[in-house]
Amino acid sequence: MLTRTEGIVLRTQKYGEADLIVTYLTSDRGIIKAFAKSPRKTKSRFGSSMEPLTHSKISLWGKEQASLPKITQSDIINSFHQVRDDFHDFISVSKLVEMLMALSPENIPNKRLFTFFLNILHTVKASEQGSKDVLHLITQIRLLATIGYAPRLKGCGRCGGKGLNFYPASGTILCSKCAGTPVGEGKSFVRIHDNTVRFYTHSIEWPIHISNRLKPQQVILSELSTLLDKHLTYLLSKKLQSSEFLAGVRG
Ligand SMILES: [Zn+2]
């Protein structure tokens, strides 16, 4: 069966001499892997459409639930080479790709996620030099919010009370009372300011194309970067452990 959809290349892996396995975020089928025959042999349009972040119209051949359909056609809609060519943009977007692939399941259609990610690529491509650090941070926060893994910073996650200590192992702010229990839980936390919570809330709620109006102080940026790094490290290592565990069970 032939399927047509739109896809954004998340990752490619070499397969054999000249073939590729391409991981796409698609508009109709979610994150999928597909097989490309010999795109590396020549500098063809077909080959260049498999550069990371390229947005293309693709045709896939294979049974609907086939684990590895074959890419029979791929026409570039937007190459996003500007994002690939800018070192900092590419590092930042690669981090988003990593988060996306680690935290979102494959083969679950999610049109909203596709539209969101495409929108991010357009926003990063059009962004100006000055606002990059803020934008990169906002894209991380928004991606986490879109896939349901955003840290909770508006009050204590257990009782709703006041608090400004973020506990990575719980993914939320906890007030001093709730942080005390249960005994034995990881006690490491990040202390943040009210202003950081305000910026965080705005960065999720404001439309991303006007997010360059957000001008947070350096202290807010560094607080939030530290918090996100700890949050992600915890999330990803937990995820990694569980997938290793599952691999062990299946093996
Ligand atoms: Zn509490």
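Above this note sits the structure.
These notes cover the structure that comes with them. Only a predicted model underlies this, so the values are computations on that prediction, with no experimental measurement involved.

**Digging into the coordination of the zinc ion**
Working step 1: Donor atoms from the polypeptide that bind the zinc ion are Cys 156 (SG), Cys 159 (SG), Cys 175 (SG) and Cys 178 (SG), placed at 2.3 Å.
Working step 2: Taken together, the 4 donor atoms surrounding the zinc ion define angles of 103 to 118° at the centre, an arrangement classified as tetrahedral.
Working step 3: Along the chain, the residues that donate to the zinc ion are spaced as C-x2-C-x15-C-x2-C. With Cys 156 in the loop between helix 5 (132–146) and strand 6 (165–167) and Cys 178 in helix 6 (residues 176–179), the pair connects residues that are 22 residues apart, well separated along the chain.

**Description of the sheet that holds strand 6**
Working step 1: Pairing within the open sheet is antiparallel, and its 3 strands lie in the order 7-6-8. Because the sheet does not close on itself, it has two edges, and the strands there are strand 7 (172–174) and strand 8 (190–191).
Working step 2: Judged from the 2 bridges that link them, strand 6 and strand 8 form a sheet pairing that is antiparallel. Looking across to strand 8, one finds that Phe 166 is bridged to Val 190.

**A word on the environment of Ile 173**
Working step 1: Mapped onto the fold, Ile 173 is located in strand 7.
Working step 2: For Ile 173, a relative accessible area of 0% puts it in the buried group.
Working step 3: With 17 residues separating them along the chain, Ile 173 and Val 190 place their C-alpha atoms 9.0 Å apart.
Working step 4: Sequence-distant contacts of Ile 173, that is, excluding residues within four places in its chain, are made with Arg 152, Leu 153, Gly 155, Cys 156, Gly 157, Gly 163, Leu 164, Asn 165, Phe 166 and Ile 192.

**Details of the pattern of salt bridges**
Working step 1: Enumeration according to the criterion identifies 6 salt bridges in this entry.
Working step 2: Between Glu 106 and Lys 33 there is a salt bridge; the shortest N-O distance is 2.8 Å. With a gap of 73 residues between them, Glu 106 in the loop between helix 3 (87–103) and helix 4 (111–126) and Lys 33 in strand 3 (residues 30–36) connect regions that are remote in the sequence.
Working step 3: Note that Asp 89 is salt-bridged to Lys 132, the shortest N-O span being 2.7 Å. Separated by 43 residues along the polypeptide, Asp 89 in helix 3 and Lys 132 in helix 5 bring together distant segments of the chain. Taken as a pair, Asp 89 and Lys 132 share a single burial class, namely buried.

Rules used in this analysis
- Residues numbered from 1 in each chain as written.
- Predicted model: local features only at pLDDT ≥ 70, side-chain atom pairs only at ≥ 80, totals over all residues.
- Heavy atoms only, no water.
- Donors = N, O, S within 2.8 Å, 3.2 Å for Na, K, Ca; no water.
- Tetrahedral: all angles 85-135°; square planar, octahedral: opposite > 155°, others 65-115°.
- Helix = DSSP H or I, 4+ residues; strand = E, 2+ residues; numbered from the N terminus.
- Pairing = 2+ DSSP bridges.
- Buried < 20%, exposed > 50% of the residue type's maximum accessible area, 1.4 Å probe, protein only.
- Contact = heavy atoms within 4.5 Å.
- Salt bridge = Lys/Arg side-chain N within 4 Å of Asp/Glu carboxyl O.

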